[in-house]
Amino acid sequence: MTAAEPERVPFEEWDRPQEGWLLSGRCRDGDDRTLLLEVATRTLFPTMLVFSLYLLLVGHYSPGGGFSGGLVAGLAFVLRYTAGGDVGLGAVVTVRPPVLIGSGLTISVLTALVPLALGAPVLSSAKLEVVLPLVGSVSTQTSLLLDVGVYVLIVGVVLDLLRSLGSGIARDMRDAGERF
Amino acid sequence: MNNAAADPYAWLLALPVLLPLLGAAVTVIGSRSPTLQRVVGIVVLLAVSAIAGVLLVVSDGTGPIVAPLGGWAAPVGIALVADRLSSLLLLVSTLVTLAVLVYAIDQRIADYGRGTASTTFHPMYLMLSAGVSLAYLTGDLFTLFVAFEIMLTASYVLITRRTSAQKIRAGMTYVTVSLLSSLLFLTAIALVYAATGTVNLADLAGRVAQLPPGLATVLGLMLLLVFGIKAAMVPLHFWLPDSYPNAPGPVAALFAGLLTKVGFYAMVRTQTLLFPRDDPWTLLLVIATATMLVGALGALAQNDINRLLSFLLVSHIGFMLFGLAVFDAAAVSGAALYAAHHITVLATLFLVSGLITRRTGTVLLDRMGGLLRTAPWLAALYAIPALTLAGVPPTAGFVAKLALLQAGAAAGPWPTVVAGVVIVASLLTLYALARVWVRVFWGAPKAALPDDDPDDEVLVGTSRTPMPMFAATAGLVVVSLAIAAFAGPLTAVTGRAGVDLLDRDPYLVAVLGSGGDR
């Protein structure tokens, strides 16, 4: 039995993002294009990202939080993918989704562990008063960091889903000579 | 004395959950670096084993350790609790997880070289370990659900990863049944919460006692049903022999060793804490009898070595159910000892089956033979756990079974009858395992069959088996022998665990600061 190399693509390369979803002069197959959606996406994409950050920041005292914020941000990317297809994502996301997932999880777990080092029970949080320039005094909780981790994690998961179920399938279909 | 936060060892309690999670995160980020993944996995599991050992010593010495998450004391907040039973099972489970990981890593290196690793295997493996730890340590019904979900979601990936369409179909049985049981679990939690207004296990112990008896019985049966599916008790076992044999060798070993026992642990925890009873539980006695016999008889009819082991796994779940059904301190402690022994021995047998398949290229008993001559080491590795599972003295299986039999015989006429069934099932187990011995190890050596599925993760029919794979399996055999060698102290620990479980007060006082009769 020979020990065959299992992956079709070189091991180092198979999950590097190669698709791009940035709307640019280039477009994917011309007849697949929806002008209305593309124009709307140009406005909606940044708005949704800002809204997702808002949800993340107010999450401790109001409805929102890392999970819902991350989902909204993820939906922004889904919209972008729907409008832009799988050509040219590179300009938006160059980080591999697994790295995002891992980083988010790391941030959250470390946030849970830090109180232990300070002699408090695990997952403890403290109130945090920060004076920001222009904004003034902001009161928040250290558990915001946990939410940041969750936010990053969820964005990573959505991007991973888009990669494997969206552009991955599209690429396979193109390879097989099929069309949507 | 409700200053559980001041417990000097409380800080250790979250680490068996958080360290594997952190390891999973690091291995996802470092998915390009196989060496990093392997080192992280082994280091994390070594650390968790050490912590579990400390937890066992401390909880045995000074009683249950409680860590309130975020400083919110129970019943408001979520508490992690390590008592003798949970620490013992955590220790044994982590050692098994570690050995199986070493085995899996060396298999991968032997088949595909040092430079490749799967992006998903290591993160999911550690994720599963985190879920198992959380299930053992949580003192909260809903967190128990979360723990099961973490564990099961990781297991869905592990069982369907890189395999053939036919095996994925078998994996879907597993996924569907697990999802169904999760749904039932969630429903049961909702009902428990609606009836009592809390999901903290210690708090529930007091409140369930105040419910009308009928309602409490329904809740108890629902939880029994949920954990019965997860623990594969007859007649809810049908999914197990169809799905485990289709998983890659190391993954099957991990599942066989851990997952059903986590279900059984949850069953013991909830039934003893929430629904205490004074007499043997007739329903569970009947189920235990059916489980022992159906599993053992099913094993006799198998030609596929992994299916045979899966049926034996089901059969021996019945032994533990018997211990719980008798419902006294001696029997429950016997069941705890049996669980510890069962985790190691089943994982070992599945690893050995992986080694056998690797050499013969098939899982079918009638196509192999003569391994005693071609692979004598393998024969030794098979013989010891096989005798242990059958319960031949002086192995760990005998010690655990003896504890169960003594407790059963002392508990009344019906438990004594079921204790007789235990002996019958043990003999059937011995017969089934001897059949494997005759087919696989005796006879004329047969040539290895070619790999019928060369695209999947596991290569079989190869004679190249690296030493570390043997060493990992042998390590588990040693753990199993150690259980027999240290049977005295271990029986003492599980004995005290059984008394604590039935008494309930040590747990309740540690978590709530007051006894059960509030």
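On a predicted model such as this, the values are computed, not experimentally measured, just so you know.

Turning next to the overall build of chain A. Check the secondary structure of chain A and you find 4 helices and 2 strands. In chain A, the order of α-helices and β-strands from amino to carboxyl end is α-α-α-β-β-α. For chain A, with 180 residues in total, the buried portion stands at 38%. Partitioning the intrachain contacts of chain A with sequence separation of at least 6 by distance along the chain shows that 71% fall at a separation of at least 24.

Further remarks concern helix 11 (residues 282–300) of chain B. All names here are of chain B. Taking 1.5 Å per residue as the helical rise, helix 11 with its 19 residues ought to reach 27 Å, and the 27 Å between its terminal C-alpha atoms agrees with that figure. Among the residues of helix 11, those classed as buried are Leu-284, Leu-285, Ile-287, Ala-288, Thr-289, Thr-291, Met-292, Gly-295, Ala-296, Gly-298 and Ala-299. Looking at the packing, one finds that the buried side of helix 11 touches helix 8 (213–231), helix 12 (305–326) and helix 17 (413–441).

Let's shift gears to unusual backbone geometry. Residues B:Val234 and B:Pro235 are joined by a peptide bond in cis, for which omega reads 5°. Counting through the fold element by element, B:Pro235 comes out in the loop between helix 8 and helix 9 (240–243). Cis geometry marks the peptide bond from B:Pro393 to B:Pro394, where omega comes out at 5°. Note on placement: B:Pro394 falls in the loop between helix 15 (376–390) and helix 16 (396–409). Positive phi, normally seen in glycine, also occurs at A:Leu134, with a value near 75°. For A:Leu134, a relative accessible area of 92% puts it in the exposed group. Even without being glycine, B:Ala232 reaches a positive phi, approximately 65°. For B:Ala232, a relative accessible area of 0% translates into the label buried.

A separate point is the nonpolar core. Soluble globular proteins tend to pack their nonpolar side chains together in the buried interior. One finds B:Tyr174, B:Phe185, B:Phe255 and B:Phe322 to be the most contacted residues of the largest nonpolar core, which totals 201 residues. With 18 residues, the top contributor of residues to this core is helix 13 (residues 329–360) of chain B. Ignoring sequence-local partners within four residues, the contact set of B:Phe255 consists of B:Leu128, B:Ser155, B:Leu158, B:Ile159, B:Tyr174, B:Tyr244 and B:Thr260. The next biggest cluster of nonpolar side chains, apart from the first, holds 13 residues, and it includes A:Phe45, A:Tyr81, A:Val155 and A:Ala170.

The UniProt entry lists residues 43–61, 67–92, 99–123 and 143–162 of chain A under the feature "transmembrane region" (unreviewed entry), expressed in the numbering used here. The span residues 99–123 of chain A is 76% helix and 0% strand, and its two end C-alpha atoms sit 24 Å from each other.

Residues and elements named next belong to chain B. Between helix 13 and helix 19 (residues 487–503), the shortest axis-to-axis distance is 7 Å and the interhelical angle comes to 125°. By the angle between their axes, helix 13 is oblique relative to helix 19. When the axes of helix 13 and helix 19 are compared, the crossing they make is right-handed. Across the interface between the two elements, Ala-329, Val-332, Ser-333, Ala-336 and Leu-337 of helix 13 pack against Leu-490, Thr-491, Thr-494, Gly-495, Gly-498, Val-499, Leu-501 and Leu-502 of helix 19. Within the contact of helix 13 with helix 19, the residues separate by chemical class into 8 nonpolar, 5 polar and no charged.

So, on to the packing of aromatic side chains. Each aromatic ring pair is characterised by the separation of its centres together with the angle its planes make. According to the stated counting rule, one finds 19 aromatic pairs over all chains in the structure shown. Residues A:Phe51 and A:Tyr54 carry aromatic rings whose centres are separated by 6.2 Å and whose planes lie at 20° to one another, so their mutual orientation is stacked. Remark: A:Tyr54 and A:Phe51 occur in helix 1 (residues 35–58); sequence separation between them is 3 residues, near one turn of the helix. A relative accessible area of 40% places A:Phe51 in the partly exposed class. When its relative accessible area of 49% is taken as the criterion, A:Tyr54 is described as partly exposed. Ring geometry for B:Tyr174 versus B:Trp239: centroids 5.8 Å apart, planes at 50°, classification tilted. In this pair, B:Tyr174 is assigned in helix 6 (residues 165–196) and B:Trp239 in the loop between helix 8 and helix 9, connecting sequence segments 65 residues apart. You can call B:Tyr174 buried: its relative accessible area is 2%. B:Trp239 sits in the buried class, given a relative accessible area of 4%. Members of the aromatic cluster, joined through ring pairs, are B:Phe142, B:Phe145, B:Phe148, B:Phe185 and B:Phe227. Over the aromatic face of B:Phe327 sits the side chain of B:Arg277, whose NZ or CZ is 5.9 Å from the ring centroid.

When pLDDT is averaged along chain B, the result is 90; 97% of the residues meet or exceed 70. Ranking the helices and strands of chain B by mean pLDDT puts helix 4 (residues 121–137) of chain B first, with 96, and helix 14 (residues 371–374) of chain B last, with 86.

All names here are of chain B. Its location among the elements puts Thr-362 in the loop between helix 13 and helix 14. Classification of Thr-362 as buried rests on a relative accessible area of 9%. There is a polar contact of 3.0 Å between the side chain of Thr-362 and the backbone nitrogen of Leu-364. Beyond its immediate sequence surroundings of up to four residues, Thr-362 is in contact with Thr-357, Arg-367, Met-368 and Leu-449.

Residues and elements named next belong to chain B. With 19 residues, helix 8 extends 26 Å from end C-alpha to end C-alpha; this agrees with the ideal 27 Å at 1.5 Å per step. All buried positions along helix 8 are accounted for by Ala-216, Leu-219, Gly-220, Met-222, Leu-223, Leu-224, Val-226, Phe-227, Gly-228, Ile-229, Lys-230 and Ala-231. Lining the buried residues of helix 8 we find helix 5 (141–160), helix 6, helix 7 (201–209), helix 10 (249–274), helix 11 and helix 12. Phi turns positive one or two residues past the end of helix 8, at Ala-232, with a value near 65°.

A few words on the pairing of strand 2 (residues 79–82) of chain B. All names here are of chain B. Residue alternation in strand 2 divides its side chains into two sets, Ala-79 and Val-81 and Leu-80 and Ala-82, and both sets are buried. Relative to strand 2, strand 1 (residues 65–68) runs antiparallel, the two being bridged by 4 bridges. Within the sheet, the bridge partner assigned to Ala-67 lies in strand 2 and is Leu-80.

Turning next to the UniProt feature "domain: NADH:quinone oxidoreductase/Mrp antiporter transmembrane" (unreviewed entry) in chain B. Mapped onto the present numbering, the UniProt feature "domain: NADH:quinone oxidoreductase/Mrp antiporter transmembrane" (unreviewed entry) falls at residues 139–422 of chain B. Along residues 139–422 of chain B, the helical share is 80% and the strand share 0%, with 32 Å between the first and last C-alpha atoms.

Let us now look at the pattern of salt bridges. Residues and elements named next belong to chain B. Inspection of every chain in the model, using the stated rule, returns 7 salt bridges over all chains. The shortest N-O distance in the salt bridge between Arg-84 and Asp-60 comes to 2.5 Å. Residue Arg-84 is found in helix 3 (residues 84–112), and its partner Asp-60 is found in helix 2 (residues 34–62); the two are separated by 24 residues along the sequence. A salt bridge links Asp-111 to Arg-358; its shortest N-O distance comes to 2.9 Å. With Asp-111 in helix 3 and Arg-358 in helix 13, the pair connects residues that are 247 residues apart, well separated along the chain. Salt bridges sharing common partners tie together Asp-60, Arg-84, Arg-496 and Asp-500.

The rules behind each value
Throughout this document, residue positions are counted from 1 along each chain, in the order its sequence is written. Chain letters start at A and ligand numbers start at 1, both assigned in the order the entries are written. Residue-level local features of this predicted model are given only where pLDDT is at least 70; pairs of side-chain atoms are given and counted only at 80 or more, and the full residue set underlies all totals for whole chains, interfaces and linings. With hydrogens and water excluded, all non-hydrogen atoms of the structure serve as input to the side-chain values. The way it works is that DSSP assigns letters per residue, a run of H or I at least four long becomes a helix, a run of E at least two long becomes a strand, and they are numbered from the N terminus. Relative accessibility under 20% of the residue-type maximum defines a buried residue, over 50% an exposed one, and the middle range a partly exposed one, all with a 1.4 Å probe and only protein chains included. Contact definition: two residues touch when any of their heavy atoms are within 4.5 Å. Take the number of residues in a helix, subtract one, and multiply by 1.5 Å to get its expected span. By nonpolar core we mean a set of buried residues, namely Ala, Val, Leu, Ile, Met, Phe, Trp, Tyr and Cys, connected to one another through side-chain atoms within 4.5 Å. UniProt positions are given in the numbering used here, feature names are shortened, and annotations may be inferred rather than shown by experiment. Convention adopted: a line fitted to C-alpha atoms gives each axis, helices being fitted over their contacting stretch, and angles between N-to-C directions are expressed from 0 to 180 degrees. Roughly parallel means an angle under 35 degrees; roughly antiparallel, over 145; roughly perpendicular, 65 to 115; everything else is oblique. By the definition used in this description, the sense in which the near helix is turned from the far one sets the handedness, with an anticlockwise turn below a right angle giving left-handed and a clockwise turn giving right-handed. Polar here means any residue outside two lists: the nonpolar Ala, Val, Leu, Ile, Met, Phe, Trp, Tyr, Cys and Pro, and the charged Asp, Glu, Lys and Arg; Gly therefore counts as polar. Any Phe, Tyr or Trp ring, taking Trp's six-membered ring, that has another such ring centre within 6.5 Å forms a pair; planes under 30 degrees apart are called stacked, those over 60 apart edge-to-face, and the others tilted. Geometrically, a charge over a ring is one whose NZ (Lys) or CZ (Arg) sits within 6 Å of the ring centre while staying within 35 degrees of the ring normal. Scored between 0 and 100, pLDDT is the confidence that the predictor attaches to each residue. Counting of polar contacts relies on pairs of N or O atoms within 3.5 Å, with two restrictions inside protein: one atom must be capable of donating a hydrogen and the other of accepting it, and residues adjacent in sequence are counted only when both atoms are side-chain atoms. By definition, two strands form a pair when at least two bridges between them are found by DSSP. In the sections that follow, a salt bridge refers to a side-chain nitrogen of Lys or Arg positioned within 4 Å of a carboxyl oxygen of Asp or Glu.

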